[in-house]
Amino acid sequence: DGGITQSPKYLFRKEGQNVTLSCEQNLNHDAMYWYRQDPGQGLRLIYYSQIVNDFQKGDIAEGYSVSREKKESFPLTVTSAQKNPTAFYLCASGGLVTYEQYFGPGTRLTVT
Amino acid sequence: QKEVEQNSGPLSVPEGAIASLNCTYSDRGSQSFFWYRQYSGKSPELIMSIYSNGDKEDGRFTAQLNKASQYVSLLIRDSQPSDSATYLCAVRGSYGKLTFGQGTILTVHP
């Protein structure tokens, strides 16, 4: 069953704690992306990766970190430096020909 | 000026009507254009991609692209209540990144 999985679906953390969000894909896509969506807003790009062991900052990378050690996996760490981490986090993957992006189900992070 | 702008909405249409969703973009070098549908509380789902000027049809959906006017639209024919969602326009610009509009909320009422 091909697709993109994100876990967990809901995540609750206290301020000051780092948290890692999982994203896995078995679509053999080269590129993977992390977006953040706040209520009533569009998606904003956090980080993206087009090849293993390489990634680039998106528009709002401050307070986040990523790794791409395997083609299938692109975990996102939300650090305590992120000032307003509560949001809906979306992982996507896609190829490098059509540049279509397909989204996972998302993780809702609440930090109190 | 925002990089990708969508008509503000919300848009309400009766069942069976045509819903028209519009999007303008600022980067003249943009090459790829996408429409996503997002149901409340869910992740976006890709419904249309368009790369060249003109119309592209897929079932009840038609995407229209006019690069000279920097305009892309999505028409939904025979709208159904199940089409009620937020529609996101996304544009791949000169630097390769996808930029999303704020979204237009569509409500189809019976």
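This text follows the structure it describes.
Residues numbered from 1 in each chain as written. Chains lettered and ligands numbered in written order. Predicted model: local features only at pLDDT ≥ 70, side-chain atom pairs only at ≥ 80, totals over all residues. Heavy atoms only, no water.

K.L.:
What's the story with the overall build of chain B in this structure? I'm lost.
P.N.:
A count of helical and extended segments in chain B gives zero helices and eleven strands. Traced from its N-terminal end to its C-terminal end, chain B shows the element sequence β-β-β-β-β-β-β-β-β-β-β. On C-alpha atoms alone, chain B measures out to a radius of gyration of 13 Å, which is about the 13 Å that the 2.2 N^0.38 rule sets for 110 residues. With the C-alpha coordinates of chain B rotated into their principal frame, the extents come out at 40 × 30 × 20 Å. A buried classification covers 44% of the 110 residues belonging to chain B. Long-range pairs, those at least 24 residues apart, make up 52% of the contacts in chain B between residues at least 6 apart in sequence. Total accessible area on chain B is roughly 5,200 Å²; 48% of this is exposed by carbon and sulfur atoms. (Helix = DSSP H or I, 4+ residues; strand = E, 2+ residues; numbered from the N terminus. Rg over C-alpha atoms; globule rule 2.2 N^0.38 Å. Buried < 20%, exposed > 50% of the residue type's maximum accessible area, 1.4 Å probe, protein only. Contact = heavy atoms within 4.5 Å. Areas by Shrake-Rupley, 256 points an atom, 1.4 Å probe, with all protein chains shown as cover.)

K.L.:
For this particular structure, what's the right way to read the pairing of strand E3 (residues 19-25) of chain A?
P.N.:
Successive residues of a regular strand alternate their side chains across the two faces of the sheet. Residues and elements named next belong to chain A. Residues of E3 alternate between two faces, with Val19, Leu21, Cys23 and Gln25 buried on one and Thr20, Ser22 and Glu24 left unburied on the opposite face. Summarising the sheet, strand E1 (residues 4-7) and E3 pair through four bridges and their orientation is antiparallel. Bridge pairing in E3 places Ile4 opposite Gln25. Judged from the three bridges that link them, E3 and strand E8 (residues 76-78) form a sheet pairing that is antiparallel. Bridge assignment links Val19 to a residue of E8, and that residue is Val78. (Pairing = 2+ DSSP bridges.)

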